[in-house]
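Summary of the model geometry
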Amino acid sequence: MLKVNIDRDWDFVESELLHNNFYFSQLKWKRVDLPHDATIEKNRDPNSPAKSEGYTVGCNLYYKKELEVKEEWKDKNIILEFEGVMGVTEVFINDRLIHKHFNGYTSFLVDITEYIREGEKITILVHIKNTHKPSSRWYAGTGIYRHVWLNIGGDVYIKPWHLHVKTDLVEKEVATLSITADLKNSSFSDKNIRVFFEVLSKENKVIQNFEEKLIINSKEEKKFTKKIALSPFIYWDLDNPYLYTIRATIYDENNNILDTATSTFGIRTISIDPREGFKLNGKSLKLKGGCIHHDNGLLGSASYDRAEERKVEILKQNGFNAIRTAHNPFSPSFLDACDRLGMLVMEEFFDVWEFGKVDYDYHIFFDKFWEEDLTSTVIRDYNHPSIIIWSIGNEVTWGAGCDINKINLWCEKLSKKVRELDDTRFITSALPSFEFELTERNVIQDENFFVLDMTPKIDPSNDKWGEITEKFFSYLDIAGYNYKVNRYEHDRNKYPNRIICGTETHPYTLYENWMETIKNPNVIGDFVWTAMDYLGEQGIGRVYIGFENFKGFLGEYPWFISNCGDIDICGEKKPQSYYRDVVWGIRNIPYITVLPPELYDKTLVALQWAWEPVERSWNFPGYEGKPLRIYVYANVEEVELFLNGRSYGRKECNEKTKFKAKFDLIYEPGIIEVVGYKNGREVGRDSLKTTGLPTKITAYPDRFRISSQYGDLCFIRIEAVDNEGNWVPNAENEIKILVNGVGELIALGNSNPLIETPFNKPNTNLYKGKALAIIKSIGEKGEINIRIEGNNLEGTEISISCE
C-alpha cells in the first residue's frame, strides 16, 4: 500500500473531560506536529508517584486531525498506522470509537475504509490516558510520540507489514530466498490478478523479476510464497550493510495497478554453537553490546528519524556492534538506521508478563494482549537484517505474586509463538538473580571507593539458581544472563550445551565482563547496562559520600537521569566509555581522568551501575596545594605521569592492573601529561591543562546541511572556551538560543543528572562547560540562523542550510 505521512497539523489539548462532553468543543486546542511527547514539556513534581519515571506527571490527552477525503481515494482501502502511542489509547473516527490499544511501544493498524466518503472530511480523534502512576520503571512519556501514516491501496492489496523476504539457504555463492506476500481482496467479487515482483539493488537497479497470476475470491485473504535464487549477491554485514529492495505490484485483468508495496531486506546468515559461539555470515563474532531505552534524551520519547539515526551512529562510532532494545520494541526508524549503518539488534518484546513490577505497568493487559503485541512486532520487523535475536522478556521472575511454574509455562508459550511467526532468528529472555539469593551483599573496594555488588556467590553444593532456571532456559535458544558474569565458566562446565549471552552487565565490572566473555566460547556477547544514559530510573549510577548517606536504588528529586551510561544524554562520551575503548582494543593511547580534590580521601559509596566519579578536567580553583588522584586508562606496559614537566614516576598499566593506573599528587595549575610505553618506546600520550576563565561560546553542529523535509534535525554541541579557545570544563554560565529562518528550536539542555529546567525552553545553564541544542526543519528550503548568547560570554552565530 502507498504510505502517506500525516504527522503535520494535529490539534492537541490536555483535558480530563470526556470527548462527548458539551464543553469539550470549548477547550483551547493547540496546533502540534508529530512526533509529540507531552510529558517532557511539563514541570516535574517531587511529590509525583511516578518516582521511577523521573518524578514526571501523568497526562490525559486528546489529539485530533481533519482529513479532506481526496478524489483519488475513491474505492480505495485506507488503513491508519500508528507507530507508537504512549498511554491507554482510543481512536475515534467521526466520534465513533473504532479501536483501543494498550501497549505504548507496539505499532497498530486501524482500518478506516468504511468511513471514507468522497468530497467529505473525516475527523480522527485520539484519546490517550496515562494518569495512573507509576506505570513504568523508566521515563516513558505520553502522547503520539512516533509517526502516523495513511496506507492507501486498491480493492486487492498487500496487507501492511506483510511483504516478507526470508533467506532459506546460502550455498556456493547462491542465495535462495522465499518471498511471501499476504493479499486481501476487500471487494464483493472474485478477482483475476497479476502480481509482479522486482528485486532491486542498493543502487536501485532491477536485478531480478518475476510474476504470478492468481485468482483471489471475494473477501478472501491469501498468502503467496515464491522461492527465487539470487546469484551473485552481496551479504549484509557490519562493515558493508548492503540492502536490497523488494517491490510488488498488483495488476487487475485490464492491467490497471491495484496496489504497490516495497520493503528493504538484507541477505545474511547467523548461527550459534556452544563451542564456536555466534557467527555472522560464517565468521565468528563476539557481540559488543549495549542496552538502551527508547527515549531521545532532551527530546523525551519523541521519535524523530534523525534522533534515532544519531543514536546508532554514536554507538557504532564507539565500538558497539549490537544493541538490546530495553525493554520493548523500538521505532521503525531506529531499526532502519541499524539496517543502514550495520548494527545488530536484540529486539525485546516485554519487561513484564502477568506479574507486575510497578502498579500500573503492562502486566494489567498482558494476559489479553500479549499475542497481538508480539505478533504485530514480529510481522512489522521481519525484514530487518539487523535483528538477530528476539527477547521475549526481561527479568520476568520478579514481581508481585511471581510463580516460577507459571513463568515456565509462559516462556514455553511465548517461545512457541515466536517460532511460528519467525524461525530464522534466535530467542532469549533475560533472567536476574532471585530474591532468595540476595542474602548477602558483596562489596568491591578500590581504595576509598566502595561498590555494592548485587551478584550472589555460587554455591556448587546448593545451586538454586541453576536448578530453577534449567527448565526455563530449555525453551530458549540463548540463555539471557543479567548480572551473572561470575557464572559463565561454572555453567559452561555444568551445562555444556548452553549458549549464554550477558544480556545485562554492570559498567563498573566491564573488564571482568569482557574477559569472561572472550574466555568462554559459549558466551556470545556482553550487553552493558547501559550504553547511553536515559531519563527516569534516575540516579542508579550516582555516587554518595559515606555509607550513612547511601539511600538505595533510585535518586531522590531532583534526580532525573540514570547516570549509568557510557554516553550521556547529549551524546558525549563519559570516562567509562574511554575505559571501554581500552578494554575492547579500540584506543591505543593513554587517557587521563581526575578524581576531584574535594572527593580525595572521602568514603565513596555506589551501586555497580556507577563509575568512579572522575572528571576530564585540570581546573580546580581554590584547591591549590591539596591532594587529588589521577586515574590513567591504557593498555601498555607502563605509564609515566608528568606535572608541569616534573615526572612522578612510572607505573604498570596493562592486563595485570586491569588497564588502570593511579597516581596521588598535590594539585597545582598547569599541564598534566601521561606517556605510555611498550618495549621501552613511547606509544602515545595524553594531557590536560588548566584553562583560563570562560570568555566566549563555540558551537559545533553535527551537520551544516540538513533536509528541508519537515522534521529533520540538527544537533548543536555548545561549549564555553577561554581566550585561547580551550574548552572550560567548570563553566556553568547561563546561555540563550535565538533561532530565525526555516527552523525552530525544539530542545535545549545539558547532561546534568539533576537538571530541573524543562528542555523546551530557550535558555539553560552549561554543565561541565557544555550544552546541547536541537533545531528542527519546518519543511521549507532556506537558511536557519542561530544566535547563541551567554551570561558574561561572547556569543556566536551559525547558519544551517535546509536543502
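Summary of the structure given here. (Residues numbered from 1 in each chain as written. Predicted model: local features only at pLDDT ≥ 70, side-chain atom pairs only at ≥ 80, totals over all residues. Heavy atoms only, no water.)

Details of the environment of Ala248
Its location among the elements puts Ala248 in strand 16 (residues 244–251). In sequence terms Ala248 and Asp359 are 111 residues apart; their C-alpha atoms lie 46 Å from each other. In contact with Ala248, not counting residues within four places along its chain, are Ile158, Leu163, Phe196, Phe197, Asp259, Thr260 and Ala261. (Helix = DSSP H or I, 4+ residues; strand = E, 2+ residues; numbered from the N terminus. Contact = heavy atoms within 4.5 Å.)

Digging into the nonpolar core
In terms of nonpolar packing, the biggest core is built from 74 residues, with Phe350, Trp353, Ile392, Leu414 and Phe472 touching the most fellow members. Residue contributions to this core peak at 6 residues, all from helix 3 (residues 363–381). In contact with Leu414, not counting residues within four places along its chain, are Phe350, Trp353, Phe366, Trp370, Leu374 and Ile392. One finds Tyr105, Trp138, Met346 and Val605 within the second-largest nonpolar core, a separate group that totals 36 residues. (Core = buried A, V, L, I, M, F, W, Y, C linked by side-chain atoms within 4.5 Å. Buried < 20%, exposed > 50% of the residue type's maximum accessible area, 1.4 Å probe, protein only.)

A few points about the packing of helix 3 against helix 4 (residues 404–421)
Helix packing for two helices is described by the angle between their axes and how far apart those axes are. Where helix 3 meets helix 4, the axes come as close as 10 Å, and the angle between the chain directions of the two elements is 30°. Here helix 4 runs roughly parallel to helix 3, going by the angle between their axes. You can see that helix 3 and helix 4 cross each other, and the crossing is right-handed. Two secondary-structure elements touch here, helix 3 through Phe366, Asp367, Trp370, Glu371, Leu374, Thr375 and Val378 and helix 4 through Trp410, Lys413, Leu414, Lys417, Val418 and Leu421. Split by residue class, the contact of helix 3 with helix 4 holds 8 nonpolar, 1 polar and 4 charged. (Axes fitted to C-alpha atoms, helices over the stretch in contact; angles between N-to-C directions. Parallel < 35°, antiparallel > 145°, perpendicular 65-115°, else oblique. Left-handed = near helix turned anticlockwise from the far one by under 90°. Nonpolar A, V, L, I, M, F, W, Y, C, P; charged D, E, K, R; others polar.)

A few points about the side chain of Thr89
Relative to the elements of secondary structure, Thr89 occurs in strand 6 (residues 88–93). With residues up to four places along the chain from it excluded, the contact list for Thr89 reads His99, Lys100, His101, Phe108, Val126, His127 and Ile128.

Points about the sheet that holds strand 36 (residues 646–652)
The 4 strands are arranged 36-35-38-39 in an open sheet whose pairing can be described as antiparallel. Bordering the open sheet on either side are strand 36 and strand 39 (681–689), each of which pairs with just one other strand. With strand direction ignored, the average angle separating the axes of adjacent strands in the sheet is 20°. One ladder, built from 5 bridges, connects strand 35 (residues 638–643) with strand 36; its direction is antiparallel. Looking at the pairing, Phe642 lines up with Ser647 of strand 36. (Pairing = 2+ DSSP bridges.)

Focus on helix 5 (residues 464–474)
Every buried residue of helix 5 is accounted for by Trp465, Gly466, Thr469, Phe472 and Phe473. The arc that holds the buried residues of helix 5, viewed along the axis, is 125°, so those residues lie on one side. Within helix 5, the exposed residues directed more than 90 degrees away from the buried face are Glu467 and Ser474. Those residues of helix 5 hidden inside the fold are in contact with helix 4, strand 25 (426–431), strand 28 (478–482) and helix 6 (488–494). (Arc of directions from axis to C-beta.)

What to know about the sheet that holds strand 16
In space, the 4 strands of this open sheet follow the order 14-13-16-17, with antiparallel pairing throughout. Whereas interior strands pair on both sides, the edge strands pair on one side only; in this sheet they are strand 14 (206–216) and strand 17 (257–265). Averaged over all pairs of adjacent strands, the angle between their axes in this sheet comes to 15°, without regard to strand direction. Relative to strand 17, strand 16 runs antiparallel, the two being bridged by 8 bridges. Paired with Ala248 across the bridge in strand 17 is Ala261.

Considering the packing of aromatic side chains
Summed over the entire model, instances satisfying the criterion amount to 45 aromatic pairs. Aromatic side chains Trp353 and Phe472 sit 6.3 Å apart centroid to centroid with 25° between the ring planes, which places their arrangement in the stacked category. With Trp353 in the loop between strand 23 (344–348) and helix 3 and Phe472 in helix 5, the pair connects residues that are 119 residues apart, well separated along the chain. In terms of burial, Trp353 and Phe472 fall into one category: buried. Between Trp370 and Trp410, the aromatic rings sit 5.8 Å apart at their centres with planes inclined by 80°, giving edge-to-face as the arrangement. Residue Trp370 is located in helix 3, and its partner Trp410 is located in helix 4; the two are separated by 40 residues in the primary sequence. Of the two residues, Trp370 and Trp410, both sit in the buried class. Among the aromatic residues, those joined into a cluster by ring pairs are Phe349, Phe350, Tyr362, Phe366, Trp370, Trp390 and Trp410. The ring of Tyr495 carries Arg498 above its face, with NZ or CZ at 3.9 Å from the centroid. Over the aromatic face of Tyr677 sits the side chain of Arg650, whose NZ or CZ is 3.7 Å from the ring centroid. (Phe/Tyr/Trp six-rings, centres within 6.5 Å; stacked < 30°, edge-to-face > 60°. Lys NZ or Arg CZ within 6 Å of the ring centre and 35° of its normal.)

Observations regarding the packing of helix 4 against helix 5
One way to put it is that helix 4 packs onto helix 5 with a least axis distance of 8 Å and a crossing angle of 20°. As judged from the angle between their axes, helix 4 and helix 5 are roughly parallel. On helix 5, the residues that touch Ile404, Ile407, Asn408 and Cys411 of helix 4 are Ile468, Lys471 and Phe472. Considered class by class, the residues forming the contact of helix 4 with helix 5 number 5 nonpolar, 1 polar and 1 charged.

Remarks on the pairing of strand 33 (residues 604–607)
On strand 33, burial covers both faces: Leu604 and Ala606 on one face and Val605 and Leu607 on the other are all buried. Sheet topology places strand 27 (residues 449–453) next to strand 33; 4 bridges connect them, and they run parallel. Paired with Phe450 across the bridge in strand 33 is Val605. Two elements, strand 31 (residues 543–545) and strand 33, share 3 bridges in a ladder whose sense is antiparallel. Residue pairing in the sheet places Ile545 in a bridge with Leu604 of strand 33.

By themselves, these figures tell us nothing about what the structure is for.
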